[in-house]
Amino acid sequence: MTTNYRFSFGPWNIHSGSDPFGPAMRDEFTFAEKLEFYKKLGFDGVQFHDDDVVTSADDPWTKQESDAKRVRQLLDERGLVAEFVAPRLWENEMGIDGSITSNSPEARKYTLERSKRAVDIAQIIGTKNIVLWPAREGTYMREAKDPVASIGRLVEWMNALLEYNKDIRILGEMKPNEPMDQAYVPTVGHFLGLASLTVAPSRVGALIESAHSILAGLDPSDDMAYALYQKKLWSVHLNDQNGLKFDEDKSFGVVDLRRAFNQVWVLERNGYGQNGEFVGLDVKALRTQSKEKSTKHLSNSREIFLKLLDLVRSLDVKKVEGLRASRDYEELDLLIVNHLMGK
Ligand code: GLO
Ligand code: MG
């Protein structure tokens, strides 16, 4: 069965170019303008934070509900679908020291209430997927929190949401660092270990971002394979990363083509996308781009994915198997590199 891949990104992936060291370099497109780009660039899925959907996640529920219904209408009118909602727990001052793992009972209460509203928002805009990127669930210094209690709090948070709505699925998007020095659940392996301790392990899976695996010193395609084997790879954030530095969110494949090829290979060969999973691209336009040219990172990433897909599909599998059997990995190296070079 040939997979017809569907692509997604979030409104934050079209942005004004500010970074921790300098202000915006281009005007922000409005949300309505951003929505118009999706189909034009070849995308069908929209990823959301809770407050990408509603004006403020702290507004009274009646206001949030009408905002969410309006967004649902905008999506329906454009033939777009919501892929997931992620509560943006790391920007509110309540989450200054983490949200789920905060030492403050008040902050944890806020977090749970807000997360339940994110579930309600997801229901209105038509998705069952709740993404947990636990941005500040870690420490800058080890002594700041109780590390064992923190793991328990993450499980309790998942249990509360899984019980709150029996239809939702939780997708953990793990990242080893940034903004924190050390995250408590740094990799997909750690997260899927916790998934099995929840009240509904079958509704807990993963979203794997290439850069996050790389920052953990791991190969993204192997991380994806680990989740695929468990039938728990429910979304991806493809992008690229030049070594172990800050999360660069470069266009997919622009740093290491072979590493990107291997991600497409593992996805394609294991039926990713056949149950409606999206190919998400969590990429950022370079700060130097002009406003008119600030969506190229999205179309380029999609194009690179599709070209690598052609290469995966045209690779001589028999040859690969023969070289595996004869353990001639030097020849296999050359085969792959030649294939990537179109030789
Ligand atoms: C940052 C993450 C972030 C998430 C997004 C959705 O490193 O990749 O962009 O993907 O907030 O959870
Ligand atoms: Mg991401």
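Model, not experiment: these values are computed from the prediction.

## A word on the overall build of the protein
Alright, step 1. A count of helices and strands for the protein gives 12 helices and 10 strands.
Alright, step 2. For 343 residues, the compact-globule estimate of 2.2 N^0.38 gives 20 Å, and the protein sits close to it at 20 Å.
Alright, step 3. Structurally, the protein occupies a C-alpha span of about 60 × 45 × 40 Å along its principal axes.
Alright, step 4. For the protein, buried positions account for 53% of its 343 residues.
Alright, step 5. In the protein, of all internal contacts separated by at least 6 residues, the share reaching a separation of at least 24 is 76%.
Alright, step 6. Surface exposure of the protein reaches about 16000 Å², of which carbon and sulfur atoms provide 52%.
Alright, step 7. The averaged location of the 52 negative side-chain charges in the protein is 3 Å from the averaged location of its 45 positive side-chain charges.

## What about the site of ligand 1?
Alright, step 1. Around ligand 1 sit 13 residues in total, of which His49, Glu173, Lys175, Glu209 and Asp282 are the nearest.
Alright, step 2. Measuring from an oxygen atom of ligand 1, one finds a side-chain N or O atom of His49 at 2.6 Å.
Alright, step 3. Within the side chain of His212, a nitrogen or oxygen atom sits 3.2 Å from an oxygen atom of ligand 1.
Alright, step 4. When ligand 1 is considered free in solution it has 330 Å² of accessible area, and contact with the protein chains removes 93% of it.
Alright, step 5. A molecule is said to occupy a pocket when more than half its atoms come within 2 Å of that pocket's grid points, and by this definition ligand 1 occupies the largest pocket.
Alright, step 6. For the shell around ligand 1, a count of residues per class yields five nonpolar, three polar and five charged.

## Topic: empty space enclosed by the protein
Alright, step 1. Within the structure shown, the criterion is met by three cavities of 30 Å³ or more.
Alright, step 2. Roughly 80 Å³ of volume is contained in the largest cavity.
Alright, step 3. Lining the largest cavity we find Gly172, Met174, Pro186, Thr187, Val188, Ala206, Leu207, Ile208, Glu209, His212, Ser213 and Asp223.
Alright, step 4. Elements that contribute at least two residues to the lining of the largest cavity include exactly β8 (204-209) and α7 (210-215).
Alright, step 5. Among the elements that take part in the lining of the largest cavity, β8 stands out by supplying four residues, more than any other.

## Focus on the pairing of strand β2 (residues 45-49)
Alright, step 1. With five of five residues buried, β2 lies mostly within the body of the structure.
Alright, step 2. Alternating positions in β2 separate into two faces, Gly45, Gln47 and His49 on one and Val46 and Phe48 on the other, with burial throughout.
Alright, step 3. Pairing of strand β1 (residues 7-9) with β2 involves two bridges; the strand directions are parallel. Residue pairing in the sheet places Ser8 in a bridge with Gly45 of β2.
Alright, step 4. Pairing geometry for β2 and strand β3 (residues 81-86), over five bridges, is parallel. Counterpart to Gly45 in the pairing with β3 is Val81.

## Some thoughts on the packing of aromatic side chains
Alright, step 1. Applying the stated criterion across every chain, the model contains 10 aromatic pairs.
Alright, step 2. For the pair Phe7 and Phe43, a centre-to-centre distance of 6.1 Å together with 70° between the ring planes defines the contact as edge-to-face. Here Phe7 is found in strand β1, whereas its partner Phe43 is found in the loop between α1 (31-41) and β2, with 36 residues between them in sequence.
Alright, step 3. Residue class for Phe43 comes out buried when judged on its relative accessible area of 0%.
Alright, step 4. Measuring from ring centre to ring centre gives 5.0 Å for Phe29 and Phe37, while their planes differ by 80°; the resulting arrangement is edge-to-face.

The rules behind each value
- Residues numbered from 1 in each chain as written.
- Chains lettered and ligands numbered in written order.
- Predicted model: local features only at pLDDT ≥ 70, side-chain atom pairs only at ≥ 80, totals over all residues.
- Heavy atoms only, no water.
- Helix = DSSP H or I, 4+ residues; strand = E, 2+ residues; numbered from the N terminus.
- Rg over C-alpha atoms; globule rule 2.2 N^0.38 Å.
- Buried < 20%, exposed > 50% of the residue type's maximum accessible area, 1.4 Å probe, protein only.
- Contact = heavy atoms within 4.5 Å.
- Areas by Shrake-Rupley, 256 points an atom, 1.4 Å probe, with all protein chains shown as cover.
- Lys, Arg positive; Asp, Glu negative; His and termini not counted.
- Charge placed at Lys NZ, Arg CZ, Asp CG, Glu CD.
- Near = heavy atom within 4 Å.
- Polar contact = N/O pair within 3.5 Å; in protein donor to acceptor, adjacent residues only side chain to side chain.
- 1 Å grid on protein atoms, 1.4 Å probe; cavity = no way out; pocket = protein on both sides within 12 Å on 5 of 7 lines; lining within 4 Å.
- Sits in = over half its atoms within 2 Å of the grid points.
- Nonpolar A, V, L, I, M, F, W, Y, C, P; charged D, E, K, R; others polar.
- Points joined across faces, edges and corners; volume = space filled by probe spheres on them.
- Pairing = 2+ DSSP bridges.
- Phe/Tyr/Trp six-rings, centres within 6.5 Å; stacked < 30°, edge-to-face > 60°.

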